[in-house]
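# Residue-level structural notes
So you can see what is in the structure, the chains are spelled out below.
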Amino acid sequence: MIQIAPSILSADFTRLADEVRTVERAGADRIHIDVMDGRFVPNISMGPFIVEAIDSLTELPLEAHLMIEEPDRYIDVFMDAGADVIIVHQENTAHLHRVVQSVRERGKQAGVALNPATPARVLDEIIDELDLVLVMSVNPGYSGQRFIPSVLPKIREIRRTLADREIACDLEVDGGVNADTAPDVVSSGANVLVAATAVFKHPDGTAEGIRTLRGRD
């Protein structure tokens with residue numbers, strides 16, 4: 001079953017509580033929180049206080065997507081704030097096994113993200129230990145970017161690896177996911193769709209944005 005993870009990066013922060021409750025009522029499966037430091041990506045966004053605030057508003061699982069330098073220094077802070085899933089990038093995590101083990105030792109789920117130009121094979125030595133693989137279908141840093149179609153073969157490759165090795169692991173895609181691109185993403189093997197603009201900026205409201213992503217007009 002396809003899961004929808006609205007990214008609050010495009011939410012209206014003047015009414016964040018309403019936005020979170022609306023997507024929960026509309027059937028969202030989890031909340032995706034983009035954490036950016038202006039160093040690993042060219043933007044600055046939210047931190048653990050936002051995670052803590054959202055945790056008080058919803059029963060949905062919270063994903064903290066750490067697009068930051070030295071994420072190993074902050075994983076405990078975000079787990080303490082209420083994150084259920086910690087996602088770090090392969091590109092800037094020097095001791096990836098250590099981070100994944102630290103997250104799972106605390107009973108949380110561990111995910112690893114790959115930028116568009118990063119090949120799937122870099123996960124060969126760790127994919128068996130992951131709860132989630134996140135394929136970025138835009139270069140991270142901003143919402144509203146155009147989907148990069150060349151990531152589709154990578155999604156298919158990762159899905160084949162998971163199936164061949166019988167690994168129970170979510171395959172998530174983030175970036176430019178909307179009603180037009182979601183069918184290709186799903187047919188390539190993804191089972192979790194992250195969407196920011198397509199949900200929170202949908203002309204007919206966030207609930208309709210989620211319904212559209214699920215393929216129900």
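Residues numbered from 1 in each chain as written. Predicted model: local features only at pLDDT ≥ 70, side-chain atom pairs only at ≥ 80, totals over all residues. Heavy atoms only, no water.

## Quick word on the pattern of salt bridges
Stated formally: By convention in these notes, a salt bridge is any Lys or Arg side-chain nitrogen within 4 Å of a carboxyl oxygen on Asp or Glu.
Counted according to the given criterion, the structure contains ten salt bridges. Two residues, Glu-70 and Arg-73, come together in a salt bridge whose shortest N-O distance is 3.3 Å. By sharing partners, the salt bridges in this structure join Arg-30, Glu-63 and Asp-170 into a single network.

## As for the sheet that holds strand β4 (residues 85-89)
Where we set the bar: Strand pairing follows a simple DSSP-based rule, namely that at least 2 bridges must link the two strands. Secondary structure elements are taken from DSSP: a helix is a run of H or I of four residues or more, a strand is a run of E of two residues or more, and numbering for both begins at the N terminus. Fitted lines through C-alpha atoms serve as axes, helices being fitted only where they are in contact, and the angles separating the N-to-C directions of these axes extend from 0 to 180 degrees.
Spatial ordering of the open sheet is given by β1-β8-β7-β6-β5-β4-β3-β2, a layout of eight strands whose pairing is parallel. Strand pairing shows two members of the sheet lacking a second neighbour, β1 (3-6) and β2 (31-36), which therefore form its edges. Each neighbouring strand pair of the sheet contributes to a mean axis angle of 25°, computed without reference to strand direction. With five bridges connecting them, β4 and strand β5 (residues 109-114) associate as parallel partners. Residue pairing across strands places Val-88 opposite Val-112, the latter belonging to β5.

## Re helix α8 (residues 206-213)
Formally: Relative accessibility thresholds used throughout: buried, under 20% of the residue-type maximum; exposed, over 50%; partly exposed, between the two (1.4 Å probe, protein chains only). We call two residues in contact whenever any of their non-hydrogen atoms come within 4.5 Å of each other.
Here α8 lies mainly inside the structure; six of its eight residues are buried. Along α8, the residues classified as buried are Thr-206, Glu-208, Gly-209, Ile-210, Thr-212 and Leu-213. The secondary structure elements touched by the buried residues of α8 are β1, α1 (16-25), α6 (182-188), β8 (192-195) and α7 (197-200). Looking one or two residues beyond α8, the residue adopting positive phi is Gly-215, at roughly 90°.

## Considering unusual backbone geometry
Phi is positive for Glu-70, close to 50°, though the residue is something other than glycine. Note on placement: Glu-70 falls in the loop between β3 (62-67) and α3 (75-81). A residue is classified by how much of its surface remains accessible, and Glu-70, at 39% relative accessible area, is partly exposed. With phi around 55°, Glu-166 is a residue other than glycine that occupies positive phi space. Relative to the elements of secondary structure, Glu-166 occurs in the loop between α5 (152-164) and β7 (170-174). What makes Glu-166 exposed here is its relative accessible area of 75%.

## Remarks on the nonpolar core
As a reminder, the rule being used: Here, nonpolar core means buried Ala, Val, Leu, Ile, Met, Phe, Trp, Tyr and Cys residues that are tied together by side-chain atoms lying within 4.5 Å of each other.
Counting residues in hydrophobic clusters, the biggest one holds 61 residues, and the most contacted among them are Ile-33, Leu-66, Ile-86, Leu-123, Val-133 and Ile-158. Those residues within four positions of Ile-33 in sequence are excluded, and the remaining contacts are Ile-8, Met-46, Val-51, Ile-54, Leu-62, Glu-63, Ala-64 and His-65. In terms of nonpolar packing, the next biggest core, distinct from the first, is built from seven residues, Ala-113, Leu-132, Met-136 and Val-138 among them.

## Thoughts on the pairing of strand β6 (residues 132-136)
We apply this condition: We call a crossover right-handed when, viewed with both strands directed away from the observer, the connection leading from the first strand over the helix to the second proceeds clockwise.
Of all five residues in β6, five are buried; the element is thus mostly enclosed. Alternating residues of β6 divide into Leu-132, Leu-134 and Met-136 and Val-133 and Val-135, and every residue in both groups is buried. Of the strand pairs in this sheet, β5 and β6 are connected by four bridges, and their pairing is parallel. Bridge pairing in β6 links Gly-111 to Leu-132. Sheet topology note: the β6/β7 ladder contains five bridges and is parallel. Residue Val-133 lies in a different strand from β7, and its bridge partner there is Leu-171. The handedness of the β6 to β7 crossover, carried by α5, is right-handed.

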